[in-house]
Amino acid sequence: MGALEPKTKAAIIITIIIIGAVAYVAGYFTPKPGPAPAKSLYDIIKERGYIVVGTSADYPPFEYINETTGEIVGFDADVMNYIADKLGVSIKWKDIAFDSLIPTLKAGDIDVIIAAMELTPERAAELGYSTPYYTTKRVVVVLKSFAQAQGITAFESFEDFMSFFKDHGFKIGVQSGTTHEDRVMGAASKFGFPSANIVSYPKADTMFMDLSANKIQAVVVDEATAVEWSEQYDLVTVYKEPGYPLVIFMRKGEIELQDAINAAILEMLAKGVVADLAAKWGIPPP
Amino acid sequence: MSASEVAYVLYLSFIFLAKGIPVTLAVTAASISIGFALGLSMAVARVFIGFPISGLVEAYEKFFRGVPDLVIIFLIYFGLPALTGRPIAPFPAISLALGLRSAAYQSQIFRGALEAVTRDQMDAALSVGMRVHQAITHIILPQALRISLPGWASEFAVVIKDSSYAFLLGLMDLMRSAELLRASLLAMGLIEYLIIPYAIAALIYFAFTFPISRYLASWAVRKRVELGL
């Protein structure tokens, strides 16, 4: 093709630069960054009259969307409603994929997270958090028929369970990205449990389907999930241990907000509200 | 499994998924537009300016064609704020990521089309006294864009499908609404129906992509034949 005149060449280059700049600027249609340090987030929330709460509404009975009202409901939603009531503000819910919750909180798009999220050492190091409002238990569940066939009633320890499964070449199912997966992987590497016999599932439903089809012989989950699925399948719990506590997360250094939320949670625990809510949503008592 | 239950689940599917469709379309529109503007400029620059722009464009294409979509999305959503110190919202992040990726492919499509318009046409245009930029905008581009349409249509369909990554950043698109419906079905104990939200989402995606690849592309080929291109 013919060579371009310098003027035309310059015009094309400038056009490219402008398009590049537009694309760059497009990346900056962002919500206002975090609050000015002069005013605490607590004051800002009180002033605007609502708190922005992030959750991942795909985890019943903790949080999910009510099919008729379209609202976010569940155990966590009720806990948050109580806290917001105490703060004297309303709630603006934001549904966000679970893995994006913490980056979104850090970016300042949401004020707090309530999403059945466990307080792990890693999260404790990078975020502010409330006092625990609920503690899940980690359970090992198997099919009742399997327990009878193997003569299992209960295991003494998690290690007992792992070594029994290792000896028999049985498979264990876990949900990927959960603390239960970390627990099983950690124990497995200590024991030389074959990693091929640990199956990670993105969703609980396919995991329990495989359990009932005997493709895996045990599932390690939180107790609330196990209770939920006991309605569908004939399950029996063969081991139980405390899991991490569930807390509400906020950015580091929001002391006033943290204190206000803690006060509300302690009141709920003292008045037995949490136990009532647990019963309402069919999860084990705290 | 009863007929009334199936009807109810289908009814819910449309209620939930209808909310996701505008978001999916908005992400697609933003991404394809960014990809078009950037891709066309890069193709024109690569063909008509040459060194050193062509090298830069080639490097850009190689990079964005060689990196998985998901990595580009995470690089922008998590990486850009770390670089600039300013957070980026999910919508611009996903649109920019898919747009930048699409630009690499669209640039290739347009470059092929530009090169398919013969050199003689440029010479002819110059010989009747047109400037180079006039020849490009009045002679070369109108033909090249028509030639590129079939390839561009399939790239459009790819962008529609890729928009489903938006759910990873928490945007309420088709995928995310299917996910939320599954959770609601689970809460209602309608476990036999958990596959339905994904199945309906698949049908909706297909309903968007099929006409584009089937009709837009074949129309463009017909048009090309008619015009003798």
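Please read all numbers here as calculations on a predicted model, not as lab measurements.

Enquirer: Account for the overall build of chain B, naming residues and giving values.
Expert: Each helix and strand counted, chain B has eight helices and zero strands in total. Scanning chain B from its N terminus toward the C terminus, one meets helices and strands in the order α-α-α-α-α-α-α-α. Overall, chain B is about 75 × 50 × 25 Å in size when its C-alpha atoms are taken along their principal axes. Summing over all exposed atoms, chain B offers an accessible surface of approximately 10100 Å²; the carbon and sulfur share of this is 68%. Separation of charge centres in chain B, based on 17 positive and 13 negative side chains, amounts to 5 Å.

Enquirer: Describe the sheet that holds strand β6 (residues 112-113) of chain A, with residues and values.
Expert: All names here are of chain A. Strand order in the open sheet formed by five strands is β5-β1-β6-β13-β7, with mixed pairing between adjacent strands. Since the sheet does not close on itself, it has two edges, and those belong to β5 (90-95) and β7 (128-129), each with one partner. Bridge analysis of strand β1 (residues 50-55) against β5 gives six bridges, and the strand direction is parallel. Each residue of the ladder has a partner; that of Gly54, found in β5, is Lys94. Against the sheet, helix α3 (residues 75-87) touches β1, β5 and β6, its axis set at about 145° to β5.

Enquirer: Tell me about a nonpolar patch on the surface, and please be specific about residues and values.
Expert: Where nonpolar side chains cluster on the molecular surface, the patch consists of Phe63(B), Val71(B) and Leu75(B) and spans about 270 Å² of accessible area. You can see Leu75(B) is positioned in helix α3 (residues 69-84).

Enquirer: I'd like a description of the sheet that holds strand β11 (residues 218-222) of chain A, backed by residues and values.
Expert: Residue and element names in this part refer to chain A. Reading across the sheet, the five strands line up as β10-β9-β11-β8-β12 and stay open at both edges, with mixed pairing between neighbours. The strands lining the two open edges of the sheet, one partner per strand, are β10 (198-201) and β12 (235-246). Ignoring which end each strand starts from, the neighbouring axes of this sheet average 25° apart. Here four bridges tie strand β8 (residues 134-143) to β11, and the two strands are oriented antiparallel to one another. Across the sheet, the residue bridging to Val141 is Val219, located in β11. Set on the sheet, helix α9 (residues 204-212) makes contact with β8, β9 (172-175), β10, β11 and β12; between it and β11 the angle comes to about 150°.

Enquirer: Give a description of the side chain of Ser13(B) that names residues and reports values.
Expert: Residues and elements named next belong to chain B. For Ser13, the position within the fold is in helix α1 (residues 3-48). From its side chain, Ser13 meets the backbone oxygen of Val9 in a polar contact 2.8 Å long. Apart from the residues within four sequence positions on either side, Ser13 is in contact with Ala18, Leu181, Ile196 and Ile200.

Enquirer: Describe in detail the side chain of Thr104(A), supporting the description with residues and values.
Expert: Locating Thr104(A) in the fold gives a position in helix α4 (residues 101-107). Note on Thr104(A): relative accessible area 4%, which makes it buried. There is a polar contact of 3.5 Å between the side chain of Thr104(A) and the side chain of Tyr77(B). Those residues within four positions of Thr104(A) in sequence are excluded, and the remaining contacts are Ile96(A), Asp109(A), Ile110(A) and Tyr77(B).

Enquirer: Account for the packing of helix α4 (residues 90-116) of chain B against helix α6 (residues 132-162) of chain B, with residues named and values stated.
Expert: Each packed pair of helices is defined by two parameters, the angle between the axes and the distance between the axes. Residue and element names in this part refer to chain B. As a packed pair, α4 and α6 sit with axes 8 Å apart at the nearest point and diverge in direction by 150°. In terms of their interaxial angle, α4 and α6 are classed as roughly antiparallel. The handedness of the crossing between α4 and α6 is right-handed. For the pair α4 and α6, the contacting residues are Leu98, Arg101, Ser102, Tyr105, Gln106, Ile109, Phe110, Ala113, Leu114 and Ala116 in the first and Ile140, Leu141, Ala144, Leu145, Ile147, Ser148, Gly151, Trp152, Glu155, Val158, Val159 and Asp162 in the second. Looking at the contact of α4 with α6, its residues break down into 15 nonpolar, four polar and three charged.

Enquirer: Summarise the packing of aromatic side chains; cite the residues concerned and give the values.
Expert: Evaluation of the coordinates by the stated rule reveals 28 aromatic pairs over all chains. The interplanar angle of 90° and the centroid separation of 5.8 Å between the aromatic rings of Phe62(A) and Phe75(A) together place this pair among those described as edge-to-face. Here Phe75(A) lies in helix α3 and Phe62(A) lies in the loop between β2 (58-59) and β3 (63-65), a separation of 13 residues in the sequence. In terms of burial, Phe62(A) and Phe75(A) fall into one category: buried. Aromatic pair Trp152(B) and Phe156(B): ring centres 5.5 Å apart, planes at 35°, arrangement tilted. Remark: Phe156(B) and Trp152(B) occur in helix α6; sequence separation between them is four residues, near one turn of the helix. Here Trp152(B) falls in the buried class, since its relative accessible area comes to 17%. An aromatic cluster of three or more residues is present, and its members are Phe146(A), Phe155(A), Phe158(A), Phe161(A), Phe164(A), Phe165(A), Phe170(A) and Tyr239(A). One residue, Arg48(A), lies across the ring of Tyr50(A), its end atom 5.0 Å from the ring centre. Residue placement shows Lys19(B) over the ring face of Phe16(B); its charged tip is 5.6 Å from the ring centre.

Conventions and cut-offs
All residue numbers here refer to positions counted from 1 along the written sequence of the relevant chain. Naming scheme: in the order in which they are written, chains are lettered from A and ligands are numbered from 1. Residue-level local features of this predicted model are given only where pLDDT is at least 70; pairs of side-chain atoms are given and counted only at 80 or more, and the full residue set underlies all totals for whole chains, interfaces and linings. Only heavy atoms go into the side-chain values, all of them from the structure, while hydrogens and water stay out. For the purposes of this entry, the term helix denotes a DSSP run of H or I that reaches at least four residues, the term strand denotes a run of E that reaches at least two, and both are numbered from the N terminus. Residue burial considers only the protein chains on display, and all accessible areas are found by Shrake-Rupley using a 1.4 Å probe. Counted as positive: Lys and Arg. Counted as negative: Asp and Glu. His and the chain ends are not counted at all. By convention, charge coordinates are those of NZ in Lys, CZ in Arg, CG in Asp, or CD in Glu. In this analysis, strands are considered paired if DSSP registers two or more bridges between them. Here, two residues are considered to be in contact whenever any of their heavy atoms come within 4.5 Å of each other. Every axis in this analysis is a line fitted to C-alpha atoms, fitted for helices over the stretch in contact. Angles between the N-to-C directions lie between 0 and 180 degrees. Like charges are joined within 9 Å and nonpolar side chains (Val, Leu, Ile, Met, Phe, Trp, Tyr) within 5 Å, but only among residues with over 30% relative accessible area and no salt bridge; these make up the patches. Any Lys or Arg side-chain nitrogen located within 4 Å of an Asp or Glu carboxyl oxygen qualifies as a salt bridge. Whenever two N or O atoms come within 3.5 Å, that pair is a polar contact, provided that in protein one can donate a hydrogen and the other can accept it, and provided that, for residues adjacent in sequence, both atoms are side-chain atoms. Burial status follows relative accessibility: with a 1.4 Å probe on protein chains alone, a residue under 20% of its type maximum counts as buried, one over 50% as exposed, and anything between as partly exposed. The scheme is simple: roughly parallel for angles under 35 degrees, roughly antiparallel for over 145, roughly perpendicular for 65 to 115, oblique for anything else. For a crossing to be left-handed, the near helix must be turned anticlockwise from the far one by less than a right angle; the clockwise case is right-handed. Basically, the charged four are Asp, Glu, Lys and Arg, the nonpolar ten are Ala, Val, Leu, Ile, Met, Phe, Trp, Tyr, Cys and Pro, and anything else, Gly included, counts as polar. Here a Phe, Tyr or Trp ring, Trp counted by its six-membered ring, pairs with any other such ring whose centre lies within 6.5 Å, and the pair is stacked when the planes are under 30 degrees apart, edge-to-face when over 60, and tilted otherwise. Counting as a charge over the ring demands two things of the Lys NZ or Arg CZ atom: a distance within 6 Å of the ring centre and an angle within 35 degrees of the ring normal.

The values reported here are purely geometric and, on their own, carry no functional implication.
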